[in-house]
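Structure assessment
Here is how the chains run, residue by residue.
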Amino acid sequence: MNWLSALARGAEIPVFAVAGAQGLAPVEGLRRRPGLRLVDSPRHARVLLVAGAVDAAHKTALERLHAQLPPPRGTVWWQAAPLFARGEAVAGNDPLPAIRAAAEASDPDQRPDVPPHPWQGMGPHGQGGRGMMGGNPYGRPMAMTAEDIRDGLELDAYSARFGPFLPMLPPGLALDLTLQGDVIVSVTVVSPPFEQGVQGDAPDLCAARMLRLMGIGPRAARARGALMVLPKGSGMRRRLAAWLRGGTVAETPEPLSEALPGLEWAEAVLWLASFPPSQLRAVCMERQAA
Amino acid sequence: MIAAALTLLLALPPLVWVAAMFDRIGTGRGAVLIGPLQNGAALLLRPNTATEAPDRLNRLLAPGWYLALALVGLSVVPLAPGVVASDISTGLVLWGACEALTVVVVFLHGWSPNAPLPLIGAYRYVAIGLPAMLLSMFVLIGAALPAQSLSVVEVVEAQREIWNVIRQPLGLPLFMALGLAITLRGPFDYADGAELAGGTSAEESGPALALWHFARAAMLVAFSAMAATAFLGGHLGPVLPGPVWLLLKTLVLMALSVAAGRFFARMPPARMLTFLWVVLLPLSFASLALVGVEVLP
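Note that this is a predicted model, so its numbers are computed, not measured. (Residues numbered from 1 in each chain as written. Chains lettered and ligands numbered in written order. Predicted model: local features only at pLDDT ≥ 70, side-chain atom pairs only at ≥ 80, totals over all residues. Heavy atoms only, no water.)

So, the overall build of chain A
When helices and strands are tallied, chain A shows nine helices and nine strands. In summary, chain A has a C-alpha radius of gyration of 21 Å against a globular reference of 19 Å for 290 residues, a match within 12%. Counting only C-alpha atoms and orienting by the principal axes, one finds that chain A spans roughly 55 × 50 × 40 Å. Looking at chain A residue by residue over its 290 residues, the buried ones come to 50%. (Helix = DSSP H or I, 4+ residues; strand = E, 2+ residues; numbered from the N terminus. Rg over C-alpha atoms; globule rule 2.2 N^0.38 Å. Buried < 20%, exposed > 50% of the residue type's maximum accessible area, 1.4 Å probe, protein only.)

Below, the structure written as structure tokens:
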């Protein structure tokens, strides 16, 4: 297999980037760097890059993310204080040398390979639900039928936590969602998005994030009817159009727990991406304070 | 027949490579020629991932099935007069079966890791895949009508005078929509999109992921060869030998599919579902009706 290894040496390093506080803009800047490729899933990555400070409250989530990278894996903390003793920290503007080094590294497991919760021992099969459905065996949620919010038919409802490092959500935002299929039934905000400062609200960056969710690059957008594919009446077209013109968006989103239920997953993530991170953070913080 | 099958097997890997190169052109990443090979090699050296309580058999087989469907679909394409791997009188039906089974295979790929994002991708793909397949059936019946046969060889022969792309101008664009759907591309990538962090492939890594990408590219080759055959006259053409014409047309359609995948934005699935049933399917009926009127004696 020597020739395969020799060929693989020139490959781009697949990196899963976690954007912490002030980390969104620097991560976006890495997207066009040769030698590395930002991937959407930690399973596809060789290196975990933590860019910007992550609250200690998210330590367990970050450790779980680390465990999702198939071994051998490496970790780089870029302008971030390490939350656990894996990988190297870099402070400068260029994390690429550290990423290259991490691509040769092999972090040991950070979390023990055991279920996050014990078997709960409730209900007829001990999983905590009714019959053979529902419950939370070993901390893994199982679906349970409930009335569909659109037509009242009984459909499986599935509750789980999404975030804080899912790449399609604003970094830091963690939501407890109940889903029926891909329709969001209920939403609780667990943690607000991280502070991103003014660069996080930059129009080109916001537009690029939204367009990526629609499967096209930023250059494609203006002429290509990207606006037409967005649903009418949600304000998404207006906000994307403003960003594409280079303008800023100052609209305040509705609280997430009211705006998201009833939306399908793709629409919900587009809706979230259609607000500047600072506005989303403000509305989530307000809710938590109340 | 054996010669044709061997030719296809030998031609597929280089064409998959070309497809991967097309995907890199214009992305600003450089290394267009060697990049896909290097990344593929690196991926092969990574381990497969284990998930909790997966459907092991289907997880193992889904990428292989996808590749097999691409190969079977490709086998009905005549490479030159009389040279075709599956020389059957119902070639278009066999191709249609491959399209339909692609929906099943992509679903299994999303179902088997037992994780939420892949499963959402799988269900969404089935919802979008069904009308996309229906559309392609009407379009292909349109291509079969002038030939009065479901044999792909006859469909090519019927285009000696005039190519179907001119006779049925709506056919090829509508068929391209199907091509984007079965190759999980751009506006029809409801299975593996960025809003699901890779969707059905989100939990895959290593050789399993490499094979899935290979199969996707192979399906692009199969689709392009089929589209070239049904609408651009396949191996027909002056001066150059038949297989060269087929290759050139296939490459053009591959490039067009890649470009279309980058050009058009992806709608939220509910909107796409309405668009498919309300706009594209009636258009395919209209296209079929026009072809019917045209071939009336």
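Some points on the side chain of T51 of chain B
Checked against the element boundaries, T51 of chain B lands in the loop between α2 (35–44) and α3 (56–75). Leaving out residues up to four positions away in the same chain, T51 of chain B has contacts with R43 of chain A together with R59, P113 and E203 of chain B. (Contact = heavy atoms within 4.5 Å.)

Points about the interface of chain A and chain B
Contacts between the two partners involve 51 residues from chain A and, on the opposite side, 45 residues from chain B. The junction of chain A with chain B conceals about 3,700 Å² of combined surface from both sides, 56% of it contributed by carbon and sulfur atoms. Run the count over chain A and chain B and you get two salt bridges. Measuring nitrogen to oxygen at the nearest pair gives 2.8 Å for the salt bridge that ties E203 of chain B to R43 of chain A. Remark: the boundary between chain A and chain B carries 15 residue pairs in polar contact (both at pLDDT 80 or more). Secondary structure elements with two or more residues in the side of chain A that touches chain B: α1 (2–8), β2 (36–38), β7 (154–162), α5 (203–213) and α8 (265–273) of chain A. The greatest single-element share of the side of chain A that touches chain B, amounting to five residues, is contributed by α8 of chain A. (Buried area = accessible area lost by both parts, 1.4 Å probe. Salt bridge = Lys/Arg side-chain N within 4 Å of Asp/Glu carboxyl O. Polar contact = N/O pair within 3.5 Å; in protein donor to acceptor, adjacent residues only side chain to side chain.)

As for the sheet that holds strand β6 (residues 144–147) of chain A
By way of backbone hydrogen bonds, the strands of a sheet pair with one another, either parallel or antiparallel. All names here are of chain A. With antiparallel pairing, four strands are arranged side by side in an open sheet as β6-β7-β8-β9. The open sheet is flanked by β6 and β9 (183–191), the only strands paired with a single partner. When strand polarity is set aside, the average angle formed by the axes of neighbouring strands in this sheet is 30°. (Pairing = 2+ DSSP bridges. Axes fitted to C-alpha atoms, helices over the stretch in contact; angles between N-to-C directions.)

Remarks on the nonpolar core
Note that soluble globular proteins tend to have their nonpolar side chains buried in a common cluster. Among the nonpolar cores identified, the biggest contains 120 residues, and L256 and L260 of chain A together with F175 of chain B are the most heavily contacted of them. Broken down by element, the residue count for this core peaks at 15 residues, all from helix α9 (residues 206–231) of chain B. When near neighbours in sequence (up to four residues on either side) are disregarded, L260 of chain A contacts L175, I184, V187, A268, W271 and L272 of chain A. With 20 residues, the next largest nonpolar core counts L24, L49, A98 and I99 of chain A among its residues. (Core = buried A, V, L, I, M, F, W, Y, C linked by side-chain atoms within 4.5 Å.)

Observations regarding the domain arrangement of chain A
Often the size quoted for an interface is simply the accessible area lost on bringing the parts together. Residue and element names in this part refer to chain A. Along its sequence, chain A is carved into domain 1 (11–102) and domain 2 (199–289). Just the C-alpha atoms count here: the centres of domain 1 and domain 2 sit 25 Å apart. Each partner contributes residues to the interface: domain 1 has six residues there, and domain 2 has seven residues. Across the domain 1/domain 2 interface, buried area totals approximately 560 Å², and carbon plus sulfur atoms make up 57% of it. (Domains from an automatic or database assignment.)

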